[in-house]
Amino acid sequence: MVGDLIVRGPDPAGTIELLRSLSARSVRGNHEDRLLRWRADPGDNPIGDMSLAAALTLKKRDWAYLEGLPLWLDLPDHDVRVIHADGSFERAPAPRGST
């Protein structure tokens, strides 16, 4: 998956659960990044109504899943690097590394 897994769809927590059940790999998109920055410091990172609605459905394990998403995935068998947009958005919290 190439990010933006949540916010726009009707079931953000269900989407994360589906990806988890499939052992799907994904990169972090700007929607996930925005929610993580808001969660870390809501005062400095306001979000819109759709993002807030999505955030309120997420459980602790969903937040942990989002925090663990890398900015890119390298697929050496295919000589491909998967990245959302240009990957220049801020990452919050601190990077856990990429795979």
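Note that the coordinates shown come from a computational prediction; the quantities given were computed from them, not determined experimentally.

Chemist: Hey, could you go over the pattern of salt bridges for me, with residue numbers and the actual values?
Modeler: Counting across every chain of the model gives seven salt bridges. Glu17 is paired through a salt bridge with Arg20; the nearest N and O atoms lie 2.7 Å apart. Of this pair, Glu17 and Arg20 both sit in helix α1 (residues 12-21), three residues apart, which is roughly one turn of that helix. Here Arg61 makes a salt bridge to Glu17, at a shortest N to O gap of 3.4 Å.

Chemist: Help me get a handle on helix α3 (residues 49-57), residues and values and all.
Modeler: Residues of α3 that are buried: Ser51, Ala54 and Ala55. Burial along α3 is one-sided: seen end-on, the buried residues are contained in an arc of 100°. Exposed positions of α3 whose direction lies more than 90 degrees from the buried face are Asp49 and Leu56. Looking at the buried side of α3, the elements it contacts are α1, α2 (30-40) and α4 (60-67).

Chemist: Give a description of the packing of α2 against α4 that names residues and reports values.
Modeler: The contact between α2 and α4 brings their axes to 10 Å, and the two run at 120°. Taken together, the axes of α2 and α4 lie oblique to each other. You can see that α2 and α4 cross each other, and the crossing is left-handed. The segment α2 lies against α4, with Glu32, Leu35, Leu36, Trp38 and Arg39 engaging Trp63, Leu66 and Glu67. Looking at the contact of α2 with α4 residue by residue, the class counts come to five nonpolar, no polar and three charged.

Cut-off values and rules
- Residues numbered from 1 in each chain as written.
- Predicted model: local features only at pLDDT ≥ 70, side-chain atom pairs only at ≥ 80, totals over all residues.
- Heavy atoms only, no water.
- Salt bridge = Lys/Arg side-chain N within 4 Å of Asp/Glu carboxyl O.
- Helix = DSSP H or I, 4+ residues; strand = E, 2+ residues; numbered from the N terminus.
- Buried < 20%, exposed > 50% of the residue type's maximum accessible area, 1.4 Å probe, protein only.
- Arc of directions from axis to C-beta.
- Contact = heavy atoms within 4.5 Å.
- Axes fitted to C-alpha atoms, helices over the stretch in contact; angles between N-to-C directions.
- Parallel < 35°, antiparallel > 145°, perpendicular 65-115°, else oblique.
- Left-handed = near helix turned anticlockwise from the far one by under 90°.
- Nonpolar A, V, L, I, M, F, W, Y, C, P; charged D, E, K, R; others polar.

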